[in-house]
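# Inside the fold
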Amino acid sequence: MMNELNTMTTVSVYDLNFDRQAKNLNASNLSDAVRPWFEDWSDASIRRAIANLNVPALRDQAAEYLGLELQIAA
């Protein structure tokens, strides 16, 4: 679903574990938007999942791993 977004699509990101959200982001900037949310985690798999948010084919899996919900913004 979300892996089909193009880089010009606007999305909102919701953290399912904490009360964090970022709205109306360009799909190509997802990693930059959520990276500060995970700054206390140094695990390589988390860093890789954050980077994979910018890869359309890996976006859904990365969001699920990080506990994020992605929604196309209106």
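Below: a short report on this structure. Bear in mind the structure is a predicted one, so any value in this text is a computation, not a measurement.

Tracing the sequence through the fold places Ser12 in strand 1 (residues 10–15). Ser12 gets classed as buried once you look at its relative accessible area, which sits at 6%. Side-chain polar atoms of Ser12 contact the backbone nitrogen of Asn24, separated by 3.3 Å. With sequence-adjacent residues up to four places away left out, Ser12 is seen in contact with Ala22, Lys23, Asn24, Glu69, Leu70, Gln71 and Ala73.

Let us now look at the environment of Arg20. Residue placement: Arg20 occurs in the loop between strand 1 and strand 2 (21–26). Along the sequence, Arg20 and Trp37 sit 17 residues apart, while their C-alpha atoms lie 8.1 Å from each other. Contacts of Arg20, omitting those with residues within four sequence positions, involve Val13, Tyr14, Asp15 and Trp37. Engagement of the side chain of Arg20 in a polar contact is seen with the backbone oxygen of Trp37, the distance being 3.0 Å.

A few words on the nonpolar core. In this structure, Val13, Val34, Phe38, Leu53, Leu66 and Leu68 are the most contacted members of the largest nonpolar core, which totals 17 residues. Sorting the residues of this core by element identifies strand 1, strand 2, helix 1 (30–34), helix 2 (44–52), helix 3 (59–66) and strand 3 (68–72) as the ones contributing at least two each.

Let us now look at the pattern of salt bridges. Side chains that differ in charge, positive against negative, can pair when their charged atoms come close. What the rule picks out here adds up to two salt bridges. A salt bridge links Asp15 to Arg20; the shortest N-O distance between them is 2.6 Å. In this structure, the salt-bridge partner of Asp32 is Arg35, at a minimum N-O distance of 3.0 Å.

What follows is about helix 3. When we look at burial in helix 3, the residues that qualify are Arg59, Ala62, Ala63 and Leu66. End-on, the buried residues of helix 3 take up no more than an arc of 100 degrees, which puts them together on one face. Seen from the open side of helix 3, the exposed residues pointing more than 90 degrees away from its buried face are Gln61, Glu64 and Tyr65. At the C-terminal side of helix 3, Gly67 shows a positive phi close to 75 degrees.

This brings us to the pairing of strand 1. Here four bridges tie strand 1 to strand 2, and the two strands are oriented antiparallel to one another. Residue pairing in the sheet places Val13 in a bridge with Ala22 of strand 2. Here strand 1 folds back onto strand 2 in antiparallel fashion, the turn holding five residues. The pairing of strand 1 with strand 3 spans five bridges and is classified as antiparallel. Bridge assignment links Val13 to a residue of strand 3, and that residue is Leu70.

What counts, and where the lines are drawn
- Residues numbered from 1 in each chain as written.
- Predicted model: local features only at pLDDT ≥ 70, side-chain atom pairs only at ≥ 80, totals over all residues.
- Heavy atoms only, no water.
- Helix = DSSP H or I, 4+ residues; strand = E, 2+ residues; numbered from the N terminus.
- Buried < 20%, exposed > 50% of the residue type's maximum accessible area, 1.4 Å probe, protein only.
- Polar contact = N/O pair within 3.5 Å; in protein donor to acceptor, adjacent residues only side chain to side chain.
- Contact = heavy atoms within 4.5 Å.
- Core = buried A, V, L, I, M, F, W, Y, C linked by side-chain atoms within 4.5 Å.
- Salt bridge = Lys/Arg side-chain N within 4 Å of Asp/Glu carboxyl O.
- Arc of directions from axis to C-beta.
- Pairing = 2+ DSSP bridges.

In short, shape yes, function no, at least from these values alone.
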